[in-house]
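Take a look at the letters that make up each chain.
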Amino acid sequence: MFSFLVAAKLYASEPPPLTLDYYKSTCPTVFDVIRKETECAVLTDPRNAALIVRLHFHDCFVQGCDASILLDDTVTLKGEKTAAANAHSLKGFELIDQIKNMVESECPGIVSCADILTIAARDAVILVGGPYWDVPVGRKDSMTANIDLANTNLPTPNESLLSIISKFLYQGLSVTDMVALSGAHTIGMARCQSFRSRIYGDYGFTSVKNPISESQLSNLRSICPPIGGGKSDNNISAMDYVTPNLFDNSFYQLLLNGEGLLNSDQEMYSSVFGIQTRELVKKYAADPLDFFRQFSESMVKMGNITNSESFVTGEVRKNCRFVNT
């Protein structure tokens, strides 16, 4: 227990060396450039917003927010893209490549990929109707990735509530942070493989009995057949079928109706262990402004999970997919 507490303390308690004006003199236009490129990506396809946010989340939970998730496999480096929670589900790397190229043309060698991803995640949320928050910057890009940590640290769709809570606590994030950050699923998509056990399991028991809910379950089963292993594993469905391209609190209202697409999401409301999480779901379902406020606060907190080693040995990558040579 002591080592667990120490690990959590290292992540959460030491203030990261990040500031709002880090690039004020070296790249004053960086926020404008990133916003413009992110806007192009989201206007082209609103689903790109969720892809960028997901990349940021999966980056920060492994070695801190250091852009390790963006590294490709090479002869000498094993990246995190093939980890169980990332393979077949993480997309949008080319969006970050495009933003990086534009930032490099404006300020060569100055802005880290880790900062670009963190800023782009904020801008992506705003562009689909979500809240604004200030993004502290000054991260460095890691020289390494860790597929083992990716397999261990990242929550999975069928994981128990207590197990997921423990993964957030390990990062120095609270139960409140967990419920609020899960609200990003309001713009997310999920693969059939991630929700098959849910729709052929307890979905019919947790969901309210009305024509809309029953129609949605029928639709999900038409997308995702009960037997896996084929192409259908990659069929996708919105996690918030009411307003899939709008960042709002509809996700929590679906949980109240027992219609969470992922088992891990529905557990926040339906689990017998979800005493605290259930009340938070009710709170955010009733008050979108309260959800926005907490989501903003929790995103800053997650973005401040830093890789202390990267500040010593890290760099500003020229290409986000590879360490500099």
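Residues numbered from 1 in each chain as written. Predicted model: local features only at pLDDT ≥ 70, side-chain atom pairs only at ≥ 80, totals over all residues. Heavy atoms only, no water.

The cut-off we apply is this: UniProt positions are given in the numbering used here, feature names are shortened, and annotations may be inferred rather than shown by experiment.
In the annotation of an unreviewed UniProt entry, the protein is listed under the name Peroxidase and assigned to Stylosanthes scabra. The protein has a UniProt comment under Subcellular location (unreviewed entry) that states "Secreted".

**What to know about empty space enclosed by the protein**
Under the convention used in this document: A cavity, in this analysis, means grid points on a 1 Å lattice covering only the protein atoms where a 1.4 Å probe fits yet has no way out; a pocket is instead an open set bounded by protein on both sides within 12 Å along at least five of seven lines, and a residue lines either one if it has an atom within 4 Å of a point. Grid points are joined across faces, edges and corners, and a volume is the space filled by probe spheres set on the points. Helix and strand assignments follow DSSP, with helices taken as H or I runs no shorter than four residues and strands as E runs no shorter than two, numbered in order from the N terminus. Note on residue categories: nonpolar means Ala, Val, Leu, Ile, Met, Phe, Trp, Tyr, Cys or Pro, charged means Asp, Glu, Lys or Arg, and polar means any other residue, Gly included.
For the structure on display, the rule yields two cavities of 30 Å³ or more. By volume, the largest cavity is sized at about 60 Å³. What lines the largest cavity is simply His56, Thr118, Trp133, Asp134, Val135, Pro136, Arg139, Met299, Val300, Gly303 and Asn304. Here the lining of the largest cavity takes three residues from helix 15 (residues 288-303), the largest share from any one element. Residues of the lining of the largest cavity, tallied by class, amount to five nonpolar, four polar and two charged. In this structure, the second largest cavity encloses a volume near 50 Å³. Surrounding the second largest cavity, Tyr203, Gln216, Leu220, Ser237, Ala238, Met239, Tyr241, Leu254, Glu259 and Leu261 form its lining. Only helix 11 (211-223) and strand 2 (236-238) provide two or more residues apiece to the lining of the second largest cavity. Class assignment of the residues belonging to the lining of the second largest cavity gives a composition of seven nonpolar, two polar and one charged.

**Some points on the nonpolar core**
To keep things clear, this is the line we draw: Residues enter a nonpolar core if they are buried and are Ala, Val, Leu, Ile, Met, Phe, Trp, Tyr or Cys, with the set joined through side-chain atoms within 4.5 Å. Only protein chains enter the calculation, and the probe is 1.4 Å; a residue is then buried if its accessible area is under 20% of its type maximum, exposed if over 50%, and partly exposed in between.
Core analysis: the largest hydrophobic core is formed by 74 residues, its most contacted members being Ile96, Tyr252, Phe295 and Met302. Broken down by element, the residue count for this core peaks at nine residues, all from helix 5 (residues 113-127). Counting residues in hydrophobic clusters, the runner-up holds 11 residues, among them Ile199, Leu220, Met239 and Leu261.

**Details of the pattern of salt bridges**
To keep things clear, this is the line we draw: Salt-bridge detection follows one rule: a side-chain nitrogen of Lys or Arg within 4 Å of a carboxyl oxygen of Asp or Glu.
Counted under the stated rule, the structure contains 17 salt bridges. Here Lys167 and Glu159 are joined by a salt bridge, their closest N and O atoms 3.0 Å apart. This pair shows no difference in class: Lys167 is buried, exactly as Glu159 is. The shortest N-O distance in the salt bridge between Asp233 and Arg196 comes to 2.9 Å. In this pair, Asp233 is assigned in the loop between helix 11 and strand 2 and Arg196 in helix 9 (residues 192-199), connecting sequence segments 37 residues apart. Of the two residues, Asp233 and Arg196, neither departs from the other in class, the shared state being buried. Among the charged side chains, a salt-bridge network with shared partners connects Asp72, Lys81, Asp97 and Arg321.

**Considering the state of the cysteines**
Formally, a disulfide is one covalent bond, and it connects the sulfur atom of one cysteine to the sulfur atom of another. Cut-off, in case you're wondering: Cysteine sulfurs are considered disulfide-paired once they come within 2.5 Å of each other.
All told, the structure shown has four disulfides when counted by the stated rule. What pairs with Cys27 in a disulfide is Cys107, and their sulfur atoms sit 2.0 Å apart. Since a negative S-S torsion denotes a left-handed disulfide, the Cys27-Cys107 link at about 80° is right-handed. Placement of Cys27 in the loop between helix 1 (2-12) and helix 2 (30-44) and of Cys107 in the loop between helix 4 (93-106) and helix 5 is noted, with a sequence separation of 80 residues between them.

**A word on unusual backbone geometry**
The phi angle at Gln63 is positive, at roughly 70°, despite the residue not being glycine. With respect to the helices, strands and loops of the structure, Gln63 is situated in the loop between helix 3 (47-60) and helix 4. For Gln63, a relative accessible area of 13% gives the class buried. Of note, the phi angle at His88 is positive, near 70°, even though the residue is not glycine. Note on placement: His88 falls in the loop between helix 3 and helix 4. For His88, a relative accessible area of 60% corresponds to the exposed category.

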